[in-house]
Amino acid sequence: MNDEQKSQYETEGYVIVDDAVDPAMLEPLLAAAKRVKAKARSGEVDLFTHCTPNGEVMMVRGLFAPEFNEPIFADYLLSDPVMRYVEPVLGSELRMGDVLLFSSPNEVDHTGGWHRDFGKNPRDGSPEVEMEILNRPKNGLKWHLALVDDSRLQLVPGSHARYRTDEERECLVNGSKADISAQKVIHLKAGQTIFWDGNTVHRGIYHVEPERMTLAANWRKHTEGEEPAETDERVKWLLADSVRDFLPKKMHIHYDRWRALQLG
Ligand SMILES: [Fe+2]
């Protein structure tokens, strides 16, 4: 990330770049993503699939597992164009990241709810409580790579660094699916990547047309001495020895750092 990109990422909570993927990898990634979606839709593979209220596949996890047999997703995560952005931010001591497929239902549109990606932390905290959560040190970097043109991510620029407004509270806490006046629709051309801060107020739009085929990925910084914790339900598939065996050798060190912190 150059200084200008870094500054935009820090102030706006996101930055869009053109060169975070090897162009030669785009077509094979799209082909693999289509096979993954077909297997998830048919039910042939379900390691952790997120569905719309209508029961249609919306997000697919487990892309590193042998059940999908698509080694290109781990290769992508390790690829030089990705690492050229990740290492200046997180350093080279990394812990297992992930790659998910964000796609579209085939029959009924769905609009996701507004949220910040901060797990089980309080969702309606006081300014002090919320700012403490938002100001915690960042130990991960996440992004979306559009495999076809994608305008399905909406976020409120700059919201990662401030307390929510009353308008945002209606959406974040009371479940309103209204537009937020300061929202920005993120337009990605195929091959573009958005690095973004999950603390921004954001939502995903899962409409049938045009079909979304976007990879969501992340790496985490590894620091020694962290306490093991219960494994997130959504990534329990990653505990299987067969998954480790299927990963490229180069990724075993990242996997083992992650695995050592899982209570299962
Ligand atoms: Fe999110």
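In case you missed it, the structure is sitting above this.
A brief look at the structure comes next. Please read these numbers as outputs of a predicted model, since none were measured by experiment. (Residues numbered from 1 in each chain as written. Predicted model: local features only at pLDDT ≥ 70, side-chain atom pairs only at ≥ 80, totals over all residues.)

1. What about the overall build of the chain?
Looking only at helices and strands, the chain has eight helices and 11 strands in total. Against the globule reference of 18 Å for 264 residues, the chain gives a C-alpha radius of gyration of 18 Å, in line with a compact fold. Here the chain holds 264 residues, and 34% of them are scored as buried. In the chain, the share of contacts with a sequence separation of at least 24, taken over all contacts with a separation of at least 6, comes to 83%. (Helix = DSSP H or I, 4+ residues; strand = E, 2+ residues; numbered from the N terminus. Rg over C-alpha atoms; globule rule 2.2 N^0.38 Å. Buried ≥ 20, exposed ≤ 12 C-beta atoms within 10 Å, placed from the backbone. Contact = placed C-beta atoms within 7 Å.)

2. Description of the nonpolar core
Among the nonpolar cores identified, the biggest contains 57 residues, and Val36, Val60, Leu63, Phe73, Val99, Leu101 and Phe195 are the most heavily contacted of them. Once you skip the residues sitting within four places of it in the chain, Val36 turns out to touch Val60, Leu63, Phe68, Glu70 and Leu101. (Core = buried A, V, L, I, M, F, W, Y, C linked by C-beta atoms within 7 Å.)

3. Some points on the pairing of strand E9 (residues 193-196)
In E9, alternate side chains face the same way, and those of Thr193 and Phe195 on one face and Ile194 and Trp196 on the other are all buried. Taken together, the four bridges between strand E1 (residues 14-17) and E9 define a ladder with antiparallel strand orientation. For Val17, the partnering residue across the bridge sits in E9 and is Thr193. Pairing geometry for strand E6 (residues 140-146) and E9, over four bridges, is antiparallel. (Pairing = 2+ DSSP bridges.)

4. Focus on the pairing of strand E11 (residues 214-221)
Here strand E4 (residues 94-102) runs beside E11; their pairing, made up of seven bridges, is antiparallel. Along E11, the bridge assignment pairs Val99 with Ala217.

5. Quick notes on the environment of Lys34
Structurally, the position occupied by Lys34 is in helix H2 (residues 23-42). Given 15 C-beta atoms within 10 Å, Lys34 falls into the partly exposed group. On a C-alpha basis, the gap between Lys34 and Ile186 in space is 23 Å, while along the polypeptide they are 152 residues apart.

6. Quick word on the sheet that holds strand E5 (residues 110-111)
Strand order in this open sheet of four strands is E5-E10-E7-E8, and the pairing throughout is antiparallel. The open sheet has two free edges, formed respectively by E5 and strand E8 (184-188), since each of these has just one partner strand. Here strand E7 (residues 150-155) runs beside strand E10 (residues 202-206); their pairing, made up of three bridges, is antiparallel. For Gln154, the partnering residue across the bridge sits in E10 and is Arg203.

7. What to know about the sheet that holds E6
On the basis of which strands lie adjacent, the open sheet formed by seven strands has the order E1-E9-E6-E11-E4-E3-E2 and antiparallel pairing. In this open sheet, the two strands that pair with only one neighbour each are E1 and strand E2 (48-51). Geometrically, the sheet is characterised by an average inter-axis angle of 20° between neighbouring strands, direction not taken into account. As paired strands, strand E3 (residues 57-61) and E4 are joined by two bridges and run antiparallel to one another. Pairing of Val60 across the sheet is with Leu101, part of E4. (Axes fitted to C-alpha atoms, helices over the stretch in contact; angles between N-to-C directions.)

8. Here we look at unusual backbone geometry
Cis geometry is found at the peptide bond from Glu209 to Pro210, where omega equals -15°. Note that Pro210 resides in the loop between E10 and E11. Positioned with a positive phi, Asn69 is a non-glycine residue whose angle comes to about 55°. As for its placement among the helices and strands, Asn69 is situated in the loop between E3 and helix H3 (72-78).

9. Describing the environment of Ala217
For Ala217, the location among the structural elements is in strand E11. The sequence separation of Ala217 and Val82 amounts to 135 residues, and the corresponding C-alpha distance is 10 Å. Sequence-distant contacts of Ala217, defined by excluding residues within four places in its chain, comprise Leu77, Gly97, Asp98, Val99, Lys142, Trp143 and Leu145.

10. As for the environment of Ala178
Tracing the sequence through the fold places Ala178 in the loop between helix H6 (166-172) and E8. Through-space distance from the C-alpha of Ala178 to that of Ala190 is 28 Å; in sequence the pair is 12 residues apart.

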